[in-house]
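Take a look at the letters that make up each chain.
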Amino acid sequence: MGHLFRLAVPTIGASFMQMTYNLTDMLWLGRLGENAVASVGAAGFYVWLGISVLLVTRIGAEVGVSQALGRKDAPQAMRFVRHALLWAIIITAVLAVVTYIFAPSFIRFFGISSVAVNTDGAAYLRIVSLAFIFSFVNPTFSGIYNGMGNSRLPFWYMAIGVGLNLVLDPLLIFGWKFVPNLGIEGAAWATFGSQMVVFVTFVYRFVIKEEMGKLHLRQFHFDRIISKRIFALGIPVAAESALFAMFGMILARFVARYGPVAIAVQSIGGQVEALSWMTASGFATALGSFTGQNFGAGFWDRIRKGYRYTLFIGTCLALPVSLIFWLFGADIYSLFFDQENSQYLGGVYLSILSVSQLFMVYEITTRGAFNGVGRTIPPALIGIFFTGLRIPLAYGLMQIPNFGLFGIWWAISITSIFKGSISPLWFRRVLNHHDGEGETGFLGSRLIVLLPSRLRQQWIIKKR
């Protein structure tokens, strides 16, 4: 289990590096007021959506590489690497062009009444879209390293970008001497510059120096089977995350009814809550790599031990975070906002979300275990169903007197509890029937209809 922990710690560190980007933006933009935070928060949903789509190549590389190495098939692992990077670049280019063209329409989707929020949000999103080729391909590089069992190097490469962002953010937002005051756009350019440096570092170290192995790029031949395998592994995870982002955007439309302050509070809260889910994601990524290698080697006892160990660690981390959110929510928001009303709303948000932190950690951790054994559909089923349930549940709770905005946040917390309860039960069933027999069960047979037809066909073929 020491190997799993050593793999998880750098991965968690890399996740916190990504969180630091967003928190740094919010900390400095909070000095410009709630409208600035609301603008960046609205644009952030589309960045989230894009990163979700690129999980196709990250998960495909991570699982494909780890399983190939578990079978001692290094050439096959490198084929996964080459194809994952190819598809990451193609998908990213499409997303960047679409986002740049339709940025104003995308921001208007939220129905925010403030003209300044809409204008600034569109400007921020357009600049950030220029950095998609960097910020979206970088996670695929990280997934490749994780699949190869080395999460330490991506951590240090991400640290370079975070350090640069910490310097560029205040410099470009507020200006200094000959550097102009760019405001919200300065935060976008700071992200652009720092992510570009990380991308160049990955390219130099991984592609040019070939520090993890020979890529043999000149021998590249497009392999339809490898591509299909990458998409088969990655689509369920990406679909869940993308739908999660879309559902979040619909909820943001509900929140926008209560003004820019409410949007700003939820945007900040999402970054603060990342303390839990990014930690869980780091362990889930490590568990996925650990599980994938042991799955390839057929060591199911090690898979069971690794999963239980990771759940225990997640519990030890989630409970203190929940307590902090419950007791010190308003104090946390005082770091971002001076207004007492904003601090109060932030405290309520974190206290409501504190109830579900442990369950969220269980859900995310279990997803990593599912990914490692190549069964990415079950967590996608659970995630899609219960995250989608947030929409009608939030709408209903909003109608209850004295609930309003708080009803939206309770819908998020309640559905997280359901996801974190069902996911471990389903994976336990997989462990008990690792030959695949009887895995679907009552819940799976009911929820399978929620999948797109192609994924449903994959499930049916696999069961036969």
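Residues numbered from 1 in each chain as written. Predicted model: local features only at pLDDT ≥ 70, side-chain atom pairs only at ≥ 80, totals over all residues. Heavy atoms only, no water.

A. Up close: the layout of surface pockets. The calculated volume of the second largest pocket comes to roughly 190 Å³. Looking at the second largest pocket, the residues that line it are Arg 82, Leu 85, Leu 86, Ile 89, Val 137, Phe 141, Phe 199, Val 203, Val 207, Leu 215, Leu 217 and Phe 220. Mapped onto the lining of the second largest pocket, the elements with two or more residues apiece are helix H4 (74–108), helix H7 (137–147) and helix H9 (184–208). Among the elements that make up the lining of the second largest pocket, the one with the highest residue count is H4 (four residues). (1 Å grid on protein atoms, 1.4 Å probe; cavity = no way out; pocket = protein on both sides within 12 Å on 5 of 7 lines; lining within 4 Å. Points joined across faces, edges and corners; volume = space filled by probe spheres on them. Helix = DSSP H or I, 4+ residues; strand = E, 2+ residues; numbered from the N terminus.)

B. Quick peek at the nonpolar core. Formed by 93 residues in total, the largest nonpolar core has its most connected members in Val 81, Phe 206, Ile 408 and Trp 409. If you tally residues by element for this core, the top one is H4, at eleven residues. Filtering out sequence-adjacent residues up to four positions away, Val 81 remains in contact with Val 65, Ile 144, Met 148, Phe 206 and Leu 215. Core analysis: the second largest hydrophobic core is formed by 18 residues, Leu 311, Val 373, Leu 381 and Ile 422 among them. (Core = buried A, V, L, I, M, F, W, Y, C linked by side-chain atoms within 4.5 Å. Buried < 20%, exposed > 50% of the residue type's maximum accessible area, 1.4 Å probe, protein only. Contact = heavy atoms within 4.5 Å.)

C. Looking closely at the side chain of Ser 227. By the element assignment, Ser 227 lies in helix H10 (residues 224–256). Taking the relative accessible area as the measure of exposure, Ser 227 reaches 5% and is therefore buried. Dropping the residues within four chain positions of it, Ser 227 is found in contact with His 83, Trp 87 and Phe 222.

D. Layout of the packing of aromatic side chains. Scanning the model with the defined rule gives 31 aromatic pairs in all. Judged by centre distance (4.9 Å) and plane angle (75°), the ring pair of Phe 155 and Trp 156 falls under edge-to-face. Each ring, one from Phe 295 and one from Trp 300, has its centre 5.9 Å from the other, and the planes form 80°; the classification is edge-to-face. Taking the relative accessible area as the measure of exposure, Trp 300 reaches 11% and is therefore buried. The ring of Tyr 100 has Arg 126 sitting right over it, with the charged end atom 5.1 Å from the ring centre. Of note, Arg 253 hangs over the ring of Phe 109, and the distance from its end group to the ring centre comes to 5.1 Å. (Phe/Tyr/Trp six-rings, centres within 6.5 Å; stacked < 30°, edge-to-face > 60°. Lys NZ or Arg CZ within 6 Å of the ring centre and 35° of its normal.)

Honestly, that's just the spatial picture; any functional story needs more than this.
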